[in-house]
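So you can see what is in the structure, the chains are spelled out below.
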Amino acid sequence: AEKAPNMIDRYDAIDALSGIDIEKKREDIVDLYLLEDYSAIKENILKQLKNDEHPKTTQLFVYAMGDKDASVRRTAIINADISNKRYIKFYEDMLNDESYSIVEIALKKLCKEYPDNIQEYLNRTRSLDGQNYSIKLAWLNIAFDKNEKLAGGLVDYSSESFDFRTRINAIEIIQTKNYFDQNYMKNLIN
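Predicted model only: the values in this text are computed from it and were never measured.

## Some points on the environment of alanine 151
Looking at the element boundaries, alanine 151 is found in helix H10 (residues 151-157). Once residues lying within four places of it in the same chain are set aside, the contact partners of alanine 151 are Phe144 and Tyr179.

## With respect to the pattern of salt bridges
This model, assessed by the stated rule, comprises eleven salt bridges. Across the pair glutamate 36 and arginine 10 runs a salt bridge, and its minimum N-O distance is 3.0 Å. Of the two residues, glutamate 36 sits in the loop between helix H2 (22-35) and helix H3 (39-48) while arginine 10 sits in helix H1 (residues 7-16), which places them 26 residues apart along the sequence. Classification of glutamate 36 as buried rests on a relative accessible area of 8%. Arginine 10 gets classed as buried once you look at its relative accessible area, which sits at 11%. Put simply, lysine 42 and aspartate 67 hold a salt bridge, and the shortest N to O gap is 2.9 Å. Within this pair, whereas lysine 42 is found in helix H3, its partner aspartate 67 is found in the loop between helix H4 (55-64) and helix H5 (70-79), the two being separated by 25 residues in sequence.

## Some thoughts on the nonpolar core
Within the largest apolar cluster, 50 residues are counted, with the highest numbers of intra-cluster contacts made by Ile45, Leu46, Leu49, Tyr91, Leu107, Leu110 and Tyr121. At seven residues, the largest contribution of residues to this core is made by helix H9 (residues 134-144). In contact with leucine 49, other than residues within four places in its own chain, are Ile22, Ile29, Val30, Thr57, Leu60 and Phe61.

## Thoughts on helix H8 (residues 118-125)
Every buried residue of H8 is listed here: Ile118, Tyr121, Leu122 and Thr125. Looking down the long axis of H8, one finds its buried residues gathered within 100° of arc, a one-sided arrangement. Tucked inside the fold, the buried residues of H8 contact helix H6 (88-93), helix H7 (100-113) and H9.

## Notes on the side chain of arginine 167
Here arginine 167 is to be found in helix H11 (residues 164-177). One buried charged residue, arginine 167, forms no salt bridge at all, with the nearest opposite charge on glutamate 160 at 5.4 Å. Only 3.0 Å separates the side chain of arginine 167 from the backbone oxygen of serine 158, close enough to count as a polar contact. Every residue in contact with arginine 167, bar those within four places of it in the chain, is listed here: Tyr157, Ser158, Ser159, Glu160, Phe162, Asn187 and Asn190.

## Remarks on the packing of aromatic side chains
For the structure on display, the rule yields seven aromatic pairs. Seen in terms of ring centroids, tyrosine 133 and tyrosine 157 are 5.3 Å apart; in terms of plane orientation they differ by 55°. Their pairing is tilted. Linking tyrosine 133 in the loop between H8 and H9 with tyrosine 157 in helix H10, this pair joins segments that are 24 residues apart in sequence. With relative accessibility at 12%, the residue tyrosine 157 sits in the buried group. Taking 6.4 Å as the distance between ring centres and 80° as the angle between the ring planes, the aromatic pair formed by phenylalanine 144 and tyrosine 179 counts as edge-to-face. With phenylalanine 144 in helix H9 and tyrosine 179 in the loop between H11 and helix H12 (182-189), the pair connects residues that are 35 residues apart, well separated along the chain. On the accessibility criterion, phenylalanine 144 (5% relative accessible area) is buried. By way of ring pairs, the aromatic residues Tyr133, Tyr157 and Phe162 are connected into one cluster. The aromatic ring of phenylalanine 90 is capped on one face by lysine 89, whose charged end is 5.4 Å from the ring centroid.

## Some thoughts on the packing of H7 against H9
Look at H7 against H9: their axes get within 9 Å of each other, and the N-to-C directions meet at 10°. In terms of axis orientation, H7 runs roughly parallel to H9. Taken together, the residues of H9 that come into contact with H7 (itself represented by Tyr100, Val103, Glu104, Leu107, Lys108 and Cys111) are Ser134, Ile135, Ala138, Trp139 and Ile142. Partitioning the contact of H7 with H9 into residue classes produces eight nonpolar, one polar and two charged.

Definitions and cut-offs
- Residues numbered from 1 in each chain as written.
- Predicted model: local features only at pLDDT ≥ 70, side-chain atom pairs only at ≥ 80, totals over all residues.
- Heavy atoms only, no water.
- Helix = DSSP H or I, 4+ residues; strand = E, 2+ residues; numbered from the N terminus.
- Contact = heavy atoms within 4.5 Å.
- Salt bridge = Lys/Arg side-chain N within 4 Å of Asp/Glu carboxyl O.
- Buried < 20%, exposed > 50% of the residue type's maximum accessible area, 1.4 Å probe, protein only.
- Core = buried A, V, L, I, M, F, W, Y, C linked by side-chain atoms within 4.5 Å.
- Arc of directions from axis to C-beta.
- Lys, Arg positive; Asp, Glu negative; His and termini not counted.
- Polar contact = N/O pair within 3.5 Å; in protein donor to acceptor, adjacent residues only side chain to side chain.
- Phe/Tyr/Trp six-rings, centres within 6.5 Å; stacked < 30°, edge-to-face > 60°.
- Lys NZ or Arg CZ within 6 Å of the ring centre and 35° of its normal.
- Axes fitted to C-alpha atoms, helices over the stretch in contact; angles between N-to-C directions.
- Parallel < 35°, antiparallel > 145°, perpendicular 65-115°, else oblique.
- Nonpolar A, V, L, I, M, F, W, Y, C, P; charged D, E, K, R; others polar.

Structure, rendered in structure tokens:
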């Protein structure tokens, strides 16, 4: 893991460490993360540190949330424990990330863990759409729980005005809300 010249060999070595107790490997894999350039290896390390609450691990996750590679930032935000208050500022910063999937994940996790701040998070992401309207659909899903009048917005995204993937995502959200009206029925038939 430290000296292999090929990335795949380092990856395999790190992956082989996944069965080892965190207490025995923490120092080494944190150091390996800091020396590594390849995102797949960094992501593997972050996944192995998922449930570790050690301050060194917390510091590494904060560092990873600022990585230049979006896939590393995404893995960090997925695997960091949002209930750890030390991460909240970094999750909130992720609402402005250039990656739509990171913004979507941050929005969902923040709203779930900190319901008193939902309106603030919704205000900060109100104008974002995302790829295939993923952020907008997540926004409407969260906002619907506070205001059922937004159901029409969700129903609109299930119409033939939008691409297939967007429509399916909207339909899946609407089904979780147990919402049904005539417009939605027409969209389902179409």
